[in-house]
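Okay, here's what each chain looks like letter by letter:
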Amino acid sequence: MAAIHKHLDQGESNARVARSVDWSREYISRIRKEREAADGDDSPAATSGHNEGTV
């Protein structure tokens, strides 16, 4: 997780972060959204769940 947060702090794209830590882009996107919500953004953070991120 520390590596993910480091890459996000550097402003790297979700795809680049995902490749560097071998996680999915969708999960990186979810982490980014949750961080933005925790930083005071009024948008709701994603809930946890198996099929989260599908539209």
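Residues numbered from 1 in each chain as written. Predicted model: local features only at pLDDT ≥ 70, side-chain atom pairs only at ≥ 80, totals over all residues. Heavy atoms only, no water.

S.K.: Let's hear about the packing of aromatic side chains: which residues, and what values?
M.R.: Across all of its chains, the model carries 1 aromatic pair by this definition. Seen from their ring centres, W23 and Y27 are 5.2 Å apart, and the 55° between their planes marks the pair as tilted. (Phe/Tyr/Trp six-rings, centres within 6.5 Å; stacked < 30°, edge-to-face > 60°.)

S.K.: Give me the nonpolar core: which residues, what numbers.
M.R.: Ranked by size, the top nonpolar core spans 7 residues in total: I4, L8, V17, A18, V21, I28 and I31. If one sorts the elements of this core by residue count, helix α2 (residues 14-21) sits on top with 3 residues. (Core = buried A, V, L, I, M, F, W, Y, C linked by side-chain atoms within 4.5 Å. Buried < 20%, exposed > 50% of the residue type's maximum accessible area, 1.4 Å probe, protein only. Helix = DSSP H or I, 4+ residues; strand = E, 2+ residues; numbered from the N terminus.)

S.K.: Tell me what's going on with the packing of helix α1 (residues 2-9) against α2, and back it up with residues and numbers.
M.R.: As a packed pair, α1 and α2 sit with axes 10 Å apart at the nearest point and diverge in direction by 150°. Looking at the two axes, α1 sits roughly antiparallel to α2. α2 is crossed by α1, and the crossing has right-handed handedness. Taken together, the residues of α2 that come into contact with α1 (itself represented by A3, I4, H7 and L8) are N14, V17, S20 and V21. Class assignment of the residues belonging to the contact of α1 with α2 gives a composition of 5 nonpolar, 3 polar and no charged. (Axes fitted to C-alpha atoms, helices over the stretch in contact; angles between N-to-C directions. Parallel < 35°, antiparallel > 145°, perpendicular 65-115°, else oblique. Left-handed = near helix turned anticlockwise from the far one by under 90°. Contact = heavy atoms within 4.5 Å. Nonpolar A, V, L, I, M, F, W, Y, C, P; charged D, E, K, R; others polar.)

S.K.: Can you break down the pattern of salt bridges residue by residue, with the values?
M.R.: According to the stated counting rule, one finds 3 salt bridges in the structure shown. Among the ionic pairs, E34 bridges to R30, the shortest N-O distance being 3.6 Å. In this pair, E34 and R30 are both assigned in helix α3 (residues 25-38), 4 residues apart and thus about one turn of the helix distant. (Salt bridge = Lys/Arg side-chain N within 4 Å of Asp/Glu carboxyl O.)

S.K.: How would you summarise α3 if you had to cite specific residues and measurements?
M.R.: In a regular helix each residue adds 1.5 Å, so 14 residues correspond to 20 Å; α3 covers 20 Å between its end C-alpha atoms and thus fits that length. For α3, every residue scored as buried is listed here: I28, S29, R30, I31 and A37. Lining the buried residues of α3 we find α1 and α2. Phi turns positive, to about 110°, at G40, one or two residues after α3. (Expected span 1.5 Å × (residues − 1).)

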